Amino acid sequence: MDFALSEGQQMLFDTAFEFGQEQIAPHAQAWERAGTIPRELLENAGALGFGALYVPEQMGGAGLSRLDATLVFEALSAACPSVAAFISIHNMCTHMVAHNGTDAFKEAWLESMTSMQSIASYCLTEPGSGSDAAALRTRAVKSGGAYTLNGTKAFISGGGFSDLYLVMCRTGEDGPRGISAIVVPDGADGLSFGAAERKMGWRAQPTAQVQLDDCAVQESHLLGTEGEGFSLAMAGLDGGRLNIAACALGGAQAALRMALDYVGERQAFGRTIDQFQGLQFRLADMETELQAARVFLRQAAWKLDTKSHDATVHCAMAKRFVTDTAFRVANDALQLLGGYGYLEDYGIEKIVRDLRVHQILEGTNEIMRVITARSLLRERGRG
């Protein structure tokens, strides 16, 4: 196996890294305090193709692989995991629309989504159904060429900010086969939002409940066919989990770099503290763990790209392993700075807060273990 990045992939990573360091990093703390991301920044990202990374070129996207996308999100998250993850969520929505939207809907919206002039939110989770996504209660009833939706979605990144909301809703029987995916544009009658959530991390992302009260949209806003929504949502999550893992990895690598700089300057007992062997051992372990996580992540992305039969379980395992590892490394980096690590000015405490949620969203890491264990048990049965 060749583990080296191609020249094109290295250029892709470098372009995303430079964009992040120039246009995101200097403003990340200000955007966190403001609780929002400037539209101009998102449009600048869209101009580089970052709004439709794995949408085919003939549809206006960059036509990249899932592995390529992880490189972009790792690089962007070195500047701000919150902003990088927000762009990842939009990419998941753009991909779903490009591959499953009606011709009429794509004609109206796809171009502005790929350019990030229109931002999309992914609406699956509900107040009463977190990990049990198939138990969702938001319902859509079809009548006269339109769907009327009623229900509430929780923890929605972009709630009250986005232009489109990809809503997983029930159009049929209980369980996953009764779920459909319908896109609701901002401004639709009956669409409203809760108050902005006050969060531990990801503060730059505006987050709120999405409320649907007799909200009517045209039949052409259905993605795929009725009853296909849950499978579309789960298929989107495979790549989404890789992206979130990549965002965690980039954030943790940035925290390690900050810690390395600090221990090379901080003096104690007559020498810089990076000369103490115990601290060197800790740094070595942190770097080793991040490198192991990186290889695992890229292998899972390769499996998704090649449509391997075990891609889903590898995406789940990678999401669990990488996000747990990244949070631990970032937290250890904060510890190496001592009291300074706890201060906002040094930047590491923000990374730690941002990375904590990566262990929860896109399927909690406990659910990733469930997926992995079920796969093991199925394989045992075949043996």
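The sections below set out a description of the structure shown in this document. Keep in mind that what you see is a predicted model, and the values were worked out from it rather than measured.

Conventions adopted
- Residues numbered from 1 in each chain as written.
- Predicted model: local features only at pLDDT ≥ 70, side-chain atom pairs only at ≥ 80, totals over all residues.
- Heavy atoms only, no water.
- Helix = DSSP H or I, 4+ residues; strand = E, 2+ residues; numbered from the N terminus.
- Rg over C-alpha atoms; globule rule 2.2 N^0.38 Å.
- Contact = heavy atoms within 4.5 Å.
- Lys, Arg positive; Asp, Glu negative; His and termini not counted.
- Charge placed at Lys NZ, Arg CZ, Asp CG, Glu CD.
- Salt bridge = Lys/Arg side-chain N within 4 Å of Asp/Glu carboxyl O.
- Buried < 20%, exposed > 50% of the residue type's maximum accessible area, 1.4 Å probe, protein only.
- Phe/Tyr/Trp six-rings, centres within 6.5 Å; stacked < 30°, edge-to-face > 60°.
- Axes fitted to C-alpha atoms, helices over the stretch in contact; angles between N-to-C directions.
- Nonpolar A, V, L, I, M, F, W, Y, C, P; charged D, E, K, R; others polar.
- Core = buried A, V, L, I, M, F, W, Y, C linked by side-chain atoms within 4.5 Å.

**Focus on the overall build of the protein chain**
Then step 1. In terms of helices and strands, the protein chain carries 11 helices and 10 strands.
Then step 2. For a compact globule of 383 residues, the expected C-alpha radius of gyration is about 21 Å, and the protein chain comes in at 21 Å, within 12% of that figure.
Then step 3. For the C-alpha atoms alone, the extent of the protein chain along its principal axes is close to 80 × 55 × 40 Å.
Then step 4. When contacts within the protein chain are restricted to residue pairs at least 6 apart in sequence, those whose partners lie at least 24 apart make up 74%.
Then step 5. Averaged over its 33 positive side-chain charges, the protein chain has a centre that lies 8 Å from the centre of its 45 negative ones.

**A word on the pattern of salt bridges**
Then step 1. Considering all chains together, one arrives at 15 salt bridges under this definition.
Then step 2. One salt bridge connects Lys 153 with Glu 126, and the closest N-O pair in it is separated by 2.9 Å. With Lys 153 in strand E3 (residues 146–157) and Glu 126 in the loop between strand E1 (120–123) and strand E2 (139–143), this residue pair connects regions lying 27 residues apart in the sequence.
Then step 3. Glu 289 is paired through a salt bridge with Arg 328; the nearest N and O atoms lie 3.5 Å apart. Residue Glu 289 is located in helix H8 (residues 277–305), and its partner Arg 328 is located in helix H9 (residues 311–336); the two are separated by 39 residues in the primary sequence.
Then step 4. For Glu 289, a relative accessible area of 27% translates into the label partly exposed.
Then step 5. Sharing partners across several salt bridges, the network here consists of Glu 32, Glu 349 and Arg 353.

**A word on the packing of aromatic side chains**
Then step 1. Summed over all chains, the structure comprises nine aromatic pairs.
Then step 2. Between Phe 269 and Phe 276, the aromatic rings sit 6.4 Å apart at their centres with planes inclined by 85°, giving edge-to-face as the arrangement.
Then step 3. Taking the relative accessible area as the measure of exposure, Phe 269 reaches 81% and is therefore exposed.
Then step 4. Judged by centre distance (5.3 Å) and plane angle (50°), the rings of Tyr 340 and Tyr 346 are tilted.
Then step 5. Following the ring pairs from residue to residue traces out a cluster consisting of Tyr 262, Tyr 340 and Tyr 346.

**Points about the packing of helix H4 (residues 66–77) against H8**
Helix-helix packing is characterised by the crossing angle of the two axes and by the distance between the axes.
Then step 1. Two elements in contact, H4 and H8, have axes separated by 8 Å at closest approach and are oriented at 145°. Where H4 abuts H8, its residues Arg 66, Leu 67, Thr 70, Leu 71 and Glu 74 lie against Arg 294, Leu 297, Arg 298, Ala 301, Leu 304 and Asp 305.
Then step 2. Its residues placed into classes, the contact of H4 with H8 shows five nonpolar, one polar and five charged.

**Structural notes on the nonpolar core**
As a rule of thumb, nonpolar side chains are buried together in soluble globular proteins.
Then step 1. Counting 103 residues, the largest nonpolar core has Ile 24, Leu 42, Leu 76, Tyr 122 and Met 168 as the members making the most contacts within it.
Then step 2. Element by element, the count of residues in this core is highest for helix H7 (residues 229–263), at 18 residues.
Then step 3. Ignoring any residue separated from it by four or fewer positions in sequence, one finds Leu 42 in contact with Ile 37, Phe 86, Ile 87, Ser 115, Met 116, Ile 119 and Phe 161.

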